[in-house]
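For reference, the chains in residue letters:
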Amino acid sequence: MTKDPDDLVAMGLVEPRRVEEIRRVAAEYAVALTQDMADLIYPADSGDPIAAQFVPTAAELADLPEERPDPIGDERWSPMPGIVHRYPDRVLLKPTLLCPVYCRFCFRREVVGKKEAMLDRAALERAFDYVRQRPQIWEVIVSGGDPLLLGPRRIAEIVRALDQIPHLGVIRFHTRIPVVDPRRVSSALVDALAAEKAVYVVIHANHPRELTVPARAAFLRLSRAGIPLLSQTVLLRGVNDDPAVLEVLFRGLVAMRVKPYYLHQVDLARGTAHFRTGIAAGQRLVRALRGRVSGLCQPIYVLDIPGGYGKVPIGPCAIFRDGASGAWIVQDRAGIGHSYPPDPGDEAA
Ligand SMILES: *Cc1c(COP(=O)(O)O)cnc(C)c1O
Ligand code: SF4
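Just so it is clear, the model here is predicted, and its values are computed rather than measured. (Residues numbered from 1 in each chain as written. Chains lettered and ligands numbered in written order. Predicted model: local features only at pLDDT ≥ 70, side-chain atom pairs only at ≥ 80, totals over all residues. Heavy atoms only, no water.)

1. Regarding the site of ligand 2
Surrounding ligand 2, one finds Cys99, Val101, Tyr102, Cys103, Cys106, Gly145, Arg176 and His204. Considering only residue class, the shell around ligand 2 consists of 5 nonpolar, 2 polar and 1 charged. (Near = heavy atom within 4 Å. Nonpolar A, V, L, I, M, F, W, Y, C, P; charged D, E, K, R; others polar.)

2. Things to note about the nonpolar core
Within the largest apolar cluster, 88 residues are counted, with the highest numbers of intra-cluster contacts made by Leu93, Leu162, Phe173, Leu193 and Phe219. Here Phe219 is in contact with Pro178, Val179, Ile203, Leu211, Leu229, Leu253, Met256 and Val258, once residues within four sequence places are set aside. (Core = buried A, V, L, I, M, F, W, Y, C linked by side-chain atoms within 4.5 Å. Buried < 20%, exposed > 50% of the residue type's maximum accessible area, 1.4 Å probe, protein only. Contact = heavy atoms within 4.5 Å.)

3. Re unusual backbone geometry
Cis peptide bonds are those with omega within 30 degrees of zero, and the linkage from Gly144 to Gly145 qualifies with 10 degrees. Residue position: Gly145 is located in the loop between β3 (139–142) and α6 (152–163). (Helix = DSSP H or I, 4+ residues; strand = E, 2+ residues; numbered from the N terminus.)

4. Some details on helix α11 (residues 279–292)
The end-to-end C-alpha separation of α11 is 20 Å, in line with the 20 Å expected for 14 residues at 1.5 Å each. Buried within α11 we find Gly282, Leu285, Val286 and Leu289. The buried residues of α11 all sit within an arc of 95 degrees when viewed along its axis, so they share a single face. Opposite the buried face of α11, by more than 90 degrees, sit the exposed residues Arg284 and Arg290. Residues of α11 that are buried make contact with β6 (229–235), α10 (243–255), β7 (258–265) and β8 (300–305). (Expected span 1.5 Å × (residues − 1). Arc of directions from axis to C-beta.)

5. Some thoughts on the side chain of Glu67
Counting through the fold element by element, Glu67 comes out in the loop between α4 (49–54) and β1 (83–87). Glu67 sits in the buried class, given a relative accessible area of 7%. Reaching out from Glu67, the side chain makes a polar contact with the backbone nitrogen of Leu64 at a distance of 3.0 Å. Polar side-chain contacts of Glu67 include one of 2.7 Å to the side chain of Arg276. Contact partners of Glu67, with chain neighbours within four places excluded, come to Ala62, Leu268, Ala269, Arg270, Gly271, Thr272, Ala273 and Arg276. (Polar contact = N/O pair within 3.5 Å; in protein donor to acceptor, adjacent residues only side chain to side chain.)

6. What about the packing of aromatic side chains?
The tally for this structure, following the rule as stated, stands at 2 aromatic pairs. When the ring of Phe105 is compared with that of Phe275, the centres are 5.5 Å apart and the planes differ by 80 degrees; the resulting orientation is edge-to-face. In this pair, Phe105 sits in the loop between β2 (90–93) and α5 (121–132) while Phe275 sits in the loop between β7 and α11, placing the two residues 170 residues apart along the sequence. Of the two residues, Phe105 and Phe275, neither departs from the other in class, the shared state being buried. Seen in terms of ring centroids, Tyr261 and Tyr262 are 4.0 Å apart; in terms of plane orientation they differ by 20 degrees. Their pairing is stacked. Residue Tyr262 is classed as buried on the basis of its relative accessible area, which comes to 15%. Above the face of the Tyr87 ring, Arg90 is positioned so that its terminal group lies 3.9 Å from the ring centre. Across from the ring centre of Tyr130, 3.7 Å away, lies the NZ or CZ of Arg134, which sits over that ring. (Phe/Tyr/Trp six-rings, centres within 6.5 Å; stacked < 30°, edge-to-face > 60°. Lys NZ or Arg CZ within 6 Å of the ring centre and 35° of its normal.)

Quick look at the structure:
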């Protein structure tokens, strides 16, 4: 639920002397965290990875020239309210811009939790029509905001409407609810997700401490209903930019039947510089993981290109071409190169 800076002080999450700076941040960006997340925070730890994600700090007031209000160019690809259509075969549908928590690094921080956050019935119907009229759309990604913040009845209406569009193959939900407010994943909510078509749920988790017993139970309710679970993680300085932390997180997710899907380079949203690791550091982390954990635990490290050009893998490359011979040089997990013969029929590189 939305938190007033005074509530954060009362909860012991913010020292009274910081309340003024928090007020200035809250005037600019939405603030909320759930009781489940508040309970995970050790207030005495100034580097607490859960607090860092949800409790505002004065660092957010510093904007850098490379930061943008719309870092991934949603606006450019939005033909109507609630729809972002950047790739031919899939669209984002954003029925709400409210979230149960407001992540301090959010790429949509300029729009989430603000006024006019809900798509009304007529606008939602226009969004469905947009999808119905375009047979090239194969997948609808219900995002936001957090779509599982809607009541089960609204969710069921959305699922039912999408399930009836013949050319759709997949309905995908992106949500933080199973992690940050797991009790909200009730049997009514799980029933609301039932469809003939494949329904996937992608959860957002950044630190192993978020994988609580109630979160695990929520994942289990979803997977028992036949819903494949994937996860996305944002690479965050001071939260999870450590191979040991990522290893425990990804192993934990896989052991709870959640397949790590994307590891995101944090986007260039305003006031988020303190969260960014460099891409070279990200590649080192990914390479370290590659050597030590199961392939099931390896997400794809991606960057959403600023300006709306889409997501691309930016993980370390293990294969190079030897210019003279055209042979490939492949690096093993220890970094030792091995040659692989040139491809017959290929012109020399
Ligand atoms: C991230 C995103 C998607 C989904 O991309 P996948 O690579 O399929 O997960 C779709 N549309 C938009 C606008 C996005 O930002
Ligand atoms: S849950 Fe997602 S959309 Fe909501 S604040 Fe966090 S990153 Fe942004």
